[in-house]
Amino acid sequence: MPDELYRMSAVDIARNIRNGKLQLGEIVEYFLNRIRTYNERFGVFISLAESIDMKENAPFPVPYALKDNILALGTKTTCGSRILENYHSPYDATVTMRLKEAGAVLLGKTNMDEFAMGSTTEFSAFFVTRNPWNIEKVPGGSSGGSAVAVATGMVPFALGSDTGGSIRLPASFCGVVGFKPTYGLVSRYGLVAFGSSLDQIGPIAKTVEDCAFVTSIIAGYDPKDSTTSKKRVDFLNGLNDSIKGVRIAYPRNLLEYEALDADVRDAFFESLKMLEQAGCEVKPVEMPLLEKSVAVYYIIAPGEASSNLARYDGMRYGLRVQEEGLDATYHGTREIGFGEEVKRRILMGTFTLSATYYEAYYDKALKVRRLIANELNNVLSENDLIMLPTSPVKPYNIGEVQSPLTYYLMDIYTIPANLAGLPAVSVPVCLSDGLPVGVQFMGKRYSDPLVLRVAHNFEKMRGEFPLPQI
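Residues numbered from 1 in each chain as written. Predicted model: local features only at pLDDT ≥ 70, side-chain atom pairs only at ≥ 80, totals over all residues. Heavy atoms only, no water.

Undergrad: Report on the overall build of the protein chain, specifying residues and quantitative values.
TA: A count of helices and strands for the protein chain gives 14 helices and eleven strands. With respect to the principal axes defined by its C-alpha atoms, the protein chain has extents near 70 × 55 × 45 Å. Taken over 470 residues, the protein chain has a buried fraction of 62%. Of the contacts formed within the protein chain by residues at least 6 apart in sequence, a portion of 76% connects residues at least 24 apart. Accessible surface for the protein chain amounts to roughly 17,600 Å². Of this, 49% is attributable to carbon and sulfur atoms. If the 48 positive side-chain charges of the protein chain are averaged to one point and the 54 negative ones to another, these points end up 4 Å apart. (Helix = DSSP H or I, 4+ residues; strand = E, 2+ residues; numbered from the N terminus. Buried < 20%, exposed > 50% of the residue type's maximum accessible area, 1.4 Å probe, protein only. Contact = heavy atoms within 4.5 Å. Areas by Shrake-Rupley, 256 points an atom, 1.4 Å probe, with all protein chains shown as cover. Lys, Arg positive; Asp, Glu negative; His and termini not counted. Charge placed at Lys NZ, Arg CZ, Asp CG, Glu CD.)

The following block contains the structure:
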């Protein structure tokens, strides 16, 4: 058993198990030992799987972790919330079932911002997750637990959910790869809903190849989810092909954003130079409507959340605070069960969906969403990809940002892909002051193979990215 097995990619681990060089049981025990060793320090796993099903002869016998808003039979699904603290998954999510059929071994469920509402994993009801490069820093969110699990080598890969950047942002902050597929290519059946028109499940891993391979397993039409597409996409197609001649645009106006860290800007332009040297055609474009993305998102997403979270009332499942009378029971349950950020977004959403303000806010946001999607599609009609930093800032101190508006604005580069349902992947570029910096590639709908191919080639040009010294 190699001492540094945690450095191996998921694809390499699966290959070595299939050819008999490694034993699945030993691999599982190795990663469980790493979880036992490092979990408390970094605050990663909310729970571990109660039973472990192993199939050595399966195509992808690799241990993994699930963000705790994705159902898996035999586990709790808490969504990082007190209101679901003792909720046991009654069935497998489609992605969980497909990974199980491929032989992947679920080790546990990872910490997250409550109901995926947050960008730091500080808003879990249970504990804060810490960045593996500096435990005083945030790991990003809301899939922070999944990103840290991969970065610290507790699992070879993990699944997260991405509503406004919740896979890509923590991947960037932790120095790993995070991929959000085209909306509709991966079933949301068994994902606890936050914003139904925005949510997408995707992988976090150490390499782009791992992300492509995992997505090829979990993607595909699902009759249980009416929003899934019947279009077939080969995520591994041409992964190693040349990227010479690929046309990449970057929105110049968004790189003048006042909150953009100078080191992040420098890393971004260095990345553009690398792509030009590889034969890509790089050019700046103006995309003024993208500056409205955050405002639009924080009307639409809370609106959908207020509707989706109405089911948590203490009547059917989850926490119930028994009071005298129905209204008092509702109030008591939701007062204790929901955290501050969830309450804030429910109130925002209820306000914008109310009869008085629907046309002034929500209806207008839907129209601007369409305009933003049109702007993205217009640029992508003349270019193959759009490239952006993943985050305007590097990981910052836990507890440093108190204003909700400040951390909402940190999603400015990731939200556009969700509003338009486009594929996007974040890849680490370099370390700055000992902290990872990432860039992201975004493509037109169903161009996932091209997005992954460019990211994979960029990864090879960049060279091996270090893992944190833990």
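Undergrad: Explain the state of the cysteines to me, and be specific about the residues and the numbers.
TA: What the rule picks out here adds up to zero disulfides. Free of any disulfide, Cys211 has its nearest cysteine sulfur in Cys174, 13 Å distant. Accessibility expressed as a relative area gives 0% for Cys211, which makes it buried. As a non-bridged cysteine, Cys430 has Cys174 as the owner of its nearest cysteine sulfur, 15 Å distant. Note on Cys430: relative accessible area 26%, which makes it partly exposed. (Disulfide = S-S within 2.5 Å.)

Undergrad: Quick one: what's the story with the side chain of Asp162, residue by residue and with numbers?
TA: Mapped onto the elements of the fold, Asp162 is located in the loop between strand S4 (157-161) and helix H5 (168-174). Accessibility expressed as a relative area gives 0% for Asp162, which makes it buried. A polar atom in the side chain of Asp162 sits 3.0 Å from the side chain of Arg168. Of note is the side chain of Asp162, whose polar atom sits 3.0 Å from the side chain of Asn418. (Polar contact = N/O pair within 3.5 Å; in protein donor to acceptor, adjacent residues only side chain to side chain.)

Undergrad: Outline the sheet that holds strand S3 (residues 105-110), listing residues and values.
TA: Spatially, S1-S3-S2-S4-S6-S5-S10-S11-S9-S7-S8 is the arrangement adopted by the eleven strands of the open sheet, whose pairing is mixed. For this open sheet the edge positions go to strand S1 (45-48) and strand S8 (281-285), each flanked by a neighbour on one side alone. Between one strand axis and the next, the sheet turns through 25° on average, direction left out of account. The pairing of strand S10 (residues 424-432) with strand S11 (residues 435-443) spans eight bridges and is classified as antiparallel. Each bridged residue has a counterpart across the sheet, and for Ser432 the counterpart in S11 is Leu435. (Pairing = 2+ DSSP bridges. Axes fitted to C-alpha atoms, helices over the stretch in contact; angles between N-to-C directions.)

Undergrad: Lay out helix H11 (residues 358-382) in plain terms, naming residues and giving numbers.
TA: In a regular helix each residue adds 1.5 Å, so 25 residues correspond to 36 Å; H11 covers 36 Å between its end C-alpha atoms and thus fits that length. Where H11 bends most, the angle comes to about 25°, and this point is Lys364. Tyr362, Ala365, Arg369, Ile372, Ala373, Glu375, Leu376, Val379 and Leu380 are the residues of H11 that are buried. (Expected span 1.5 Å × (residues − 1). Bend = angle between axes of the 7 residues up to and from the residue.)

Undergrad: Describe the nonpolar core, with residues and values.
TA: Counting 152 residues, the largest nonpolar core has Phe60, Phe115, Phe157 and Phe441 as its most contacted members. At nine residues, helix H2 (residues 24-42) tops the list of elements feeding residues into this core. Sequence-distant contacts of Phe115, defined by excluding residues within four places in its chain, comprise Cys79, Ser81, Ile83, Leu84, Val192, Phe194, Leu309, Tyr312, Phe338 and Val342. (Core = buried A, V, L, I, M, F, W, Y, C linked by side-chain atoms within 4.5 Å.)

Undergrad: Lay out the side chain of Asp225 in plain terms, naming residues and giving numbers.
TA: Position of Asp225 relative to the elements: it lies in the loop between helix H6 (208-218) and strand S7 (247-251). Buried and without a salt bridge, Asp225 has Arg188 as its closest oppositely charged side chain, separated by 4.0 Å. Within the structure, Asp225 has its side chain in polar contact with the backbone nitrogen of Arg188 (distance 2.8 Å). Those residues in contact with Asp225, other than ones at most four positions away along the chain, are Val186, Ser187, Arg188 and Tyr189. (Salt bridge = Lys/Arg side-chain N within 4 Å of Asp/Glu carboxyl O.)

Undergrad: Can you explain the environment of Ala328? Please cite residues and give values.
TA: Note that Ala328 resides in helix H9 (residues 326-337). The exposure class of Ala328 is partly exposed, given its relative accessible area of 31%. In the structure, Ala328 is positioned 89 residues away from Leu239 in sequence and 57 Å away in space, judged by C-alpha atoms.

Undergrad: Before we move on, can you summarise the environment of Glu459 with the specific residues and values?
TA: With respect to the secondary-structure elements, Glu459 resides in helix H14 (residues 448-462). Taking the relative accessible area as the measure of exposure, Glu459 reaches 10% and is therefore buried. Each C-alpha atom, one on Glu459 and one on Phe127, is 33 Å from the other, the two residues being 332 residues apart in sequence. If we ignore the near neighbours within four places in the chain, the residues touching Glu459 are Val177, Lys206, Thr207 and Val208.

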